[in-house]
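Inside the fold
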Amino acid sequence: MSFVNLNVEYEGALENLGAKRDLLNDALLVAVDDLTAQLYARVQENLSGVVLERRTGELANAVEIEAAAFVGAVCQSQVFIDEESPEWVIGMTHEYGGTGYYLIEPVNASVLAWQGPAGTVFARRVNHPPARERSFMNSALEWIEPLAVDEIKNVIAEVIAL
């Protein structure tokens, strides 16, 4: 379902927290929610001209955010495009690039037409090259990783210092 996840696992690393464990869990939920909101904003920014030009807005509108929650000892959240969404395939193609050439043929006309450098071009079919990778999600995750590491370290240090 998702492209990128933020996960924080600390089981075993901080076993002596005692009463502070609930405080840490609450603080991590807040921090991971904030980081996820920043990640979502960066993905939206990437879809608004930084990585891809926004045309219809359908791909950007398909990006969802899931609030932070604990699954066992892991605090996680997600920024994703649902696999059931028609935009999922488009998003995956942009994110990872195409796998090979593909044939384009006209559907509602006898020929394809587009504007080339020397004017209008007509063709019965086109063997289109694979789409190049234009990562809008993983590049956002790479951007936020150092911020997330610093923020989580600060949250843990603040709770321990209480």
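Residues numbered from 1 in each chain as written. Predicted model: local features only at pLDDT ≥ 70, side-chain atom pairs only at ≥ 80, totals over all residues. Heavy atoms only, no water.

**Things to note about the overall build of the protein chain**
Helix and strand content of the protein chain: four helices and seven strands. Its helices and strands taken in sequence order, the protein chain reads β-α-α-β-β-α-β-β-β-β-α from the N to the C terminus. For 162 residues, the compact-globule estimate of 2.2 N^0.38 gives 15 Å, and the C-alpha radius of gyration of the protein chain, at 22 Å, exceeds that figure by more than 25%. With respect to the principal axes defined by its C-alpha atoms, the protein chain has extents near 75 × 25 × 25 Å. Counting only residues that meet the buried cut, the protein chain has 33% of its 162 residues in that class. For the protein chain, contacts bridging at least 24 residues in sequence account for 69% of all contacts bridging at least 6. When the accessible surface of the protein chain is split by element, carbon and sulfur atoms take 52% of a total near 10000 Å². Across the protein chain, the centroid of the 10 positively charged side chains sits 12 Å from that of the 24 negatively charged ones. (Helix = DSSP H or I, 4+ residues; strand = E, 2+ residues; numbered from the N terminus. Rg over C-alpha atoms; globule rule 2.2 N^0.38 Å. Buried < 20%, exposed > 50% of the residue type's maximum accessible area, 1.4 Å probe, protein only. Contact = heavy atoms within 4.5 Å. Areas by Shrake-Rupley, 256 points an atom, 1.4 Å probe, with all protein chains shown as cover. Lys, Arg positive; Asp, Glu negative; His and termini not counted. Charge placed at Lys NZ, Arg CZ, Asp CG, Glu CD.)

**Some thoughts on the packing of helix α1 (residues 20–50) against helix α4 (residues 138–161)**
One can describe the packing of α1 onto α4 by two numbers: an axis separation of 10 Å at closest approach and a directional angle of 160°. It follows from the interaxial angle that α1 and α4 lie roughly antiparallel. For the pair α1 and α4, the sense of crossing is right-handed. Among the residues forming the contact of α1 with α4, the class breakdown is 21 nonpolar, three polar and three charged. (Axes fitted to C-alpha atoms, helices over the stretch in contact; angles between N-to-C directions. Parallel < 35°, antiparallel > 145°, perpendicular 65-115°, else oblique. Left-handed = near helix turned anticlockwise from the far one by under 90°. Nonpolar A, V, L, I, M, F, W, Y, C, P; charged D, E, K, R; others polar.)

**Here's the deal with the confidence of the model for the protein chain**
Low pLDDT means the predicted atomic positions in that stretch should not be read closely. Averaged over the protein chain, the pLDDT score is 88; the fraction of residues at 70 or greater is 90%. The spread of mean pLDDT over the elements of the protein chain runs between strand β1 (residues 2–9), the lowest at 55, and strand β6 (residues 119–123), the highest at 95. (pLDDT = per-residue confidence, 0-100.)

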